[in-house]
Amino acid sequence: MIRILVDAASDYQLEEIKEKNMELVPIKITIGDDEYVEGVNLERNQFYNILAENQEFPKTSQPSPQEFVEIFKDVKEKGDEIICILLSSALSGTCQSAVLAKSMVDYEKIYIIDSLTATVCIKVLADYAKKMAEENKSAQDIVKEIECLKSHVKCIAAIDTLEYLYKGGRLSKAAAAVGEAVNIKPIITLTDAGEVGIVKKCIGKKQAIMQIRKLLQDMEIDKDFPIYSIYSYGTENSEKLEEKLEKEGYKFANRLQIGPTIGTHIGPEAFGIIFVTKR
């Protein structure tokens, strides 16, 4: 049996993980003296409310090797295979924990993929891996295909406020202040190196939506894969983006919420699109 494992940065809902019989490794979030685990003692909208009300910036803790070891031991005992599709190594040490856990368990049928991406992009990869497993593809073939596909899964999103980029140390206080004063809405993406990159700085939401539309026009989308609308907290911006894009022929499979791991850095009212380009 081939099992698929993701971490919480994939932004699956726990119900979907259970329905698809997938494995999930949690990522803990600390705000002040309180520690949270999404789906256990923290819901997504609750997180964004805490984020807005609390002066302390949340800290995320990568999963420990032991959390992977427990799953890997079960895989080894049952003679299964497991493919782990994990948060970009440029954003977290999650992959490193998994690699260390594999060496501790000493079992070759554990495959670890550094997705070089985050949030719903990981879900796109994991869903496709699950589909191939159900089609009786070998683990090696699935890993090869996901490694090839991962650079084609794209995310383009607009950030509504610069406050959290500043709090997270990704923007200076002066730059954040100037940006907020002139209503700058950065367009971000996940680079080929697995980092968050700013593509464009727009003035206001209307220009941000127009810029996302323009960026999409330069890309050839693979219609064999779903297109997702994404948002952090509050769907008004996503609804406006969807309305504009649907008039141009884009069809959305779903609107999905970004969880705390990435939401910590982008804050509420962020919105965007996730899709796959042709190879």
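In what follows, the structure referred to is the one given above.
Notes on the structure follow. (Residues numbered from 1 in each chain as written. Predicted model: local features only at pLDDT ≥ 70, side-chain atom pairs only at ≥ 80, totals over all residues. Heavy atoms only, no water.)

From N to C terminus, the protein chain includes 11 helices and 13 strands. For a compact globule of 279 residues, the expected C-alpha radius of gyration is about 19 Å, and the protein chain comes in at 19 Å, within 12% of that figure. For the protein chain, the C-alpha atoms occupy an extent of roughly 60 × 45 × 30 Å along the three principal directions. In the protein chain, which comprises 279 residues, the proportion classed as buried is 52%. Of the contacts made within the protein chain by residues no fewer than 6 positions apart, 74% connect residues no fewer than 24 positions apart. Summed over all atoms, the accessible surface of the protein chain reaches about 13,200 Å², with 47% contributed by carbon and sulfur. (Helix = DSSP H or I, 4+ residues; strand = E, 2+ residues; numbered from the N terminus. Rg over C-alpha atoms; globule rule 2.2 N^0.38 Å. Buried < 20%, exposed > 50% of the residue type's maximum accessible area, 1.4 Å probe, protein only. Contact = heavy atoms within 4.5 Å. Areas by Shrake-Rupley, 256 points an atom, 1.4 Å probe, with all protein chains shown as cover.)

With that settled, consider helix 6 (residues 139-149). Considered for burial, the residues of helix 6 that qualify are A139, I142, V143, I146 and L149. For helix 6, the angular spread of the buried residues around the axis is 130°, confining them to a single face. In this structure, the buried residues of helix 6 make contact with strand 1 (2-7), strand 6 (81-86), strand 7 (110-114), helix 5 (120-134), strand 8 (153-158) and strand 13 (271-276). (Arc of directions from axis to C-beta.)

This part covers the pairing of strand 4 (residues 34-37). Inspection of the sheet shows strand 3 (residues 28-31) paired to strand 4 by 4 bridges, in the antiparallel sense. Paired with I29 across the bridge in strand 4 is Y36. (Pairing = 2+ DSSP bridges.)

The biggest cluster of nonpolar side chains holds 56 residues, and the ones touching the most others in it are I4, I83, I85, I142, I146, V153 and I274. Examining the composition of this core, we find that 9 residues originate from one element, helix 5, more than from any other. Once residues within four sequence positions are removed from consideration, I146 is found in contact with I85, I113, L125, Y128, A129 and M132. Within the second largest apolar cluster, 18 residues are counted, among which are I187, I212, I227 and Y250. (Core = buried A, V, L, I, M, F, W, Y, C linked by side-chain atoms within 4.5 Å.)

Another aspect to go through is the state of the cysteines. Following the criterion strictly, the structure yields 0 disulfides and no others. For C84, which is in no disulfide, the shortest distance to another cysteine sulfur is to C95 and amounts to 8.8 Å. According to the relative accessible area criterion, C84 is buried, its value standing at 0%. Considering cysteine sulfurs only, C155 is the nearest to C202, which forms no disulfide, with 15 Å between them. (Disulfide = S-S within 2.5 Å.)

Counted under the stated rule, the structure contains 23 salt bridges. A salt bridge links D160 to K185, with the shortest nitrogen-to-oxygen separation between them at 3.3 Å. Here the residue D160 occupies a position in the loop between strand 8 and helix 7 (163-167), and K185 occupies one in strand 9 (residues 184-190), the gap between them amounting to 25 residues. Owing to a relative accessible area of 15%, D160 belongs among the buried residues under this scheme. (Salt bridge = Lys/Arg side-chain N within 4 Å of Asp/Glu carboxyl O.)

The next point concerns the sheet that holds strand 10 (residues 196-203). Across the sheet, 6 strands lie side by side as 10-9-8-13-11-12; this open sheet has mixed pairing. Strands with a single pairing partner mark the edges of an open sheet, and in this sheet they are strand 10 and strand 12 (254-257). Strand-to-strand twist of the sheet, defined as the mean angle between neighbouring strand axes without regard to direction, takes the value 20°. With respect to the sheet, helix 9 (residues 204-217) is in contact with strand 8, strand 9, strand 10 and strand 13, its orientation differing from that of strand 10 by roughly 125°. (Axes fitted to C-alpha atoms, helices over the stretch in contact; angles between N-to-C directions.)

On to the pairing of strand 12, then. Of the strand pairs in this sheet, strand 11 (residues 228-231) and strand 12 are connected by 4 bridges, and their pairing is parallel. When the bridges of strand 12 are listed, S229 appears paired with R255. Handedness of the crossover is the feature at issue here: the chain leaves strand 11, passes through helix 10 (residues 236-247), returns alongside strand 12, and the resulting connection is right-handed. (Right-handed = clockwise from strand over helix to strand, strands pointing away.)

Quick look at the environment of G263 now. Relative to the assigned elements, G263 resides in helix 11 (residues 260-266). Taking relative accessible area as the criterion, G263 reaches 0% and is therefore assigned buried. Residues G263 and D192, 71 residues apart in the sequence, show an inter-C-alpha distance of 20 Å. Among residues more than four places away in sequence, those in contact with G263 are F47, Y48, L51 and I258.

A separate point is the packing of helix 5 against helix 6. Two numbers describe a pair of packed helices, the interaxial angle and the distance between the axes. For the pair helix 5 and helix 6, interaxial distance at closest approach is 10 Å and the crossing angle is 155°. Comparing their axes, helix 6 and helix 5 come out roughly antiparallel. The interaxial crossing formed by helix 5 with helix 6 has right-handed handedness. Together, L125, Y128, A129, M132 and A133 of helix 5 and I142, E145, I146 and L149 of helix 6 make up the contact between the two elements. (Parallel < 35°, antiparallel > 145°, perpendicular 65-115°, else oblique. Left-handed = near helix turned anticlockwise from the far one by under 90°.)

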